[in-house]
Amino acid sequence: QKEVEQDPGPLSVPEGAIVSLNCTYSNSAFQYFMWYRQYSRKGPELLMYTYSSGNKEDGRFTAQVDKSSKYISLFIRDSQPSDSATYLCAMSRFPNAGGTSYGKLTFGQGTILTVHP
Amino acid sequence: GAVVSQHPSWVICKSGTSVKIECRSLDFQATTMFWYRQFPKQSLMLMATSNEGSKATYEQGVEKDKFLINHASLTLSTLTVTSAHPEDSSFYICSASLLAGTETQYFGPGTRLLVL
C-alpha cells in the first residue's frame, strides 16, 4: 500500500464547476500538507500549504485536512480552463530533532484535471 | 519570492557523455535542495536530498556514483548524470526549502534530458 493515495483521474469538468480533489494517507506522522499544480513540461507550483487539521482558503482554492480520517482535499471554485493541469498532493513529517528542516515530501500520483469551456 | 531556476531547461546528448544540471534559489537561501525525476504521466520520484556543505542522501535504488550531487552553497546545487544512457532520459526537477525551516518546497521549472 502506498503511503499517499490519489486518484489519477483524468477528471473533466465544464468551466465554472466546483472541482474536488482528494488524497488519503496511511502514515499518522504526516503533519504538513501541500497541494501543487503542475502544467505540462513544467515544475510543480505550490498552491496551498496547511499544517495539521482544518481549512485554509486562498481565492478560489480551499484546502481541507482531516487528520482523524487521514484525508485531505482541495476545492477549486469557479473553475477556469487555465486550471487545467495535474494536481499533486504532498505531505511531510516534522523536522528532525536537530531543528533543521528535513522536509522530505511524499507525493500522491497526481490528478489530471481538464476544465473545458 | 521563493524562485528556483534550473539550467539548462532541456538537453540532448549522446550515450556515454555526462550532463550537468544546475539548480539555483534566486531570492532566498536554501538549507536543503532536493532532486527528483519524473517520467511521463507519473508523479515525482525523489532521487536525493542535498544539504549545503555535506554529502547528499540518496534514496534507495538511486546510484550515487551515477547521479553526482554537489551542493556548494546555500543557493546552488548541481546534479551530474555521468555516462548517460537512453534509460536516463527523463524530466529532472529540483526543489529548495527555505532557510527558516518550513516544510514547503519550491520547485524549479525542470530539465528535460534526452539521451540518444
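Check the entry above for the structure.
Now for a description of the structure that goes with this document. All values reported here derive from a predicted model rather than from experimental measurement.

Attention shifts here to the interface of chain A and chain B. Every contact between the two is made by 22 residues of chain A and, on the other side, 22 residues of chain B. The junction of chain A with chain B conceals about 1800 Å² of combined surface from both sides, 55% of it contributed by carbon and sulfur atoms. Taken together, the connections running from chain A to chain B amount to zero salt bridges. Summed over the shared surface of chain A and chain B, the number is four residue pairs in polar contact (both at pLDDT 80 or more). Contributing elements (two or more residues each) for the side of chain A that touches chain B: strand 4 (32–38), strand 5 (45–51) and strand 9 (85–92) of chain A. Examining the composition of the side of chain A that touches chain B, we find that four residues originate from one element, strand 4 of chain A, more than from any other. Its residues assigned to classes, the side of chain A that touches chain B comprises 11 nonpolar, seven polar and four charged.

On to the sheet that holds strand 3 (residues 19–25) of chain B, then. All names here are of chain B. Strand order in this open sheet of four strands is 1-3-8-7, and the pairing throughout is antiparallel. If you trace the sheet from one side to the other, it starts and ends with strand 1 (4–7) and strand 7 (67–73), each paired once. Going from strand to strand, the sheet's axes swing by 15° on average, the running direction of each strand aside. Bridge count for strand 1 against strand 3 is four bridges, and the pairing is antiparallel. Directly across from valine 4, in strand 3, lies its bridge partner serine 25.

With that settled, consider the pattern of salt bridges. A side chain of one charge can pair with a side chain of the opposite charge if their charged atoms are brought near each other. All names here are of chain A. The tally for this structure, following the rule as stated, stands at five salt bridges over all chains. Salt-bridge contacts for glutamate 57 lead to arginine 77; the nearest nitrogen and oxygen are separated by 3.3 Å. Here arginine 77 lies in the loop between strand 8 (71–76) and strand 9 and glutamate 57 lies in strand 6 (residues 54–58), a separation of 20 residues in the sequence. Aspartate 83 serves as the salt-bridge partner of arginine 60, at 2.9 Å between the closest nitrogen and oxygen. With a gap of 23 residues between them, arginine 60 in the loop between strand 6 and strand 7 (61–66) and aspartate 83 in the loop between strand 8 and strand 9 connect regions that are remote in the sequence. When its relative accessible area of 26% is taken as the criterion, arginine 60 is described as partly exposed. Exposure remark for aspartate 83: the relative accessible area of 1% places this residue in the buried category.

Next up on the list: the sheet that holds strand 7 of chain A. Residue and element names in this part refer to chain A. Spatially, five strands are ordered 1-3-8-7-6 in an open sheet, and the strand pairing comes out antiparallel. The open sheet has two free edges, formed respectively by strand 1 (4–6) and strand 6, since each of these has just one partner strand. Each strand of the sheet is rotated relative to its neighbour by a mean of 15°, with strand direction disregarded. Of the strand pairs in this sheet, strand 6 and strand 7 are connected by five bridges, and their pairing is antiparallel. In the strand pairing of strand 7, lysine 56 is matched with alanine 63.

Criteria and thresholds
Residues numbered from 1 in each chain as written. Chains lettered and ligands numbered in written order. Predicted model: local features only at pLDDT ≥ 70, side-chain atom pairs only at ≥ 80, totals over all residues. Heavy atoms only, no water. Contact = heavy atoms within 4.5 Å. Buried area = accessible area lost by both parts, 1.4 Å probe. Salt bridge = Lys/Arg side-chain N within 4 Å of Asp/Glu carboxyl O. Polar contact = N/O pair within 3.5 Å; in protein donor to acceptor, adjacent residues only side chain to side chain. Helix = DSSP H or I, 4+ residues; strand = E, 2+ residues; numbered from the N terminus. Nonpolar A, V, L, I, M, F, W, Y, C, P; charged D, E, K, R; others polar. Pairing = 2+ DSSP bridges. Axes fitted to C-alpha atoms, helices over the stretch in contact; angles between N-to-C directions. Buried < 20%, exposed > 50% of the residue type's maximum accessible area, 1.4 Å probe, protein only.

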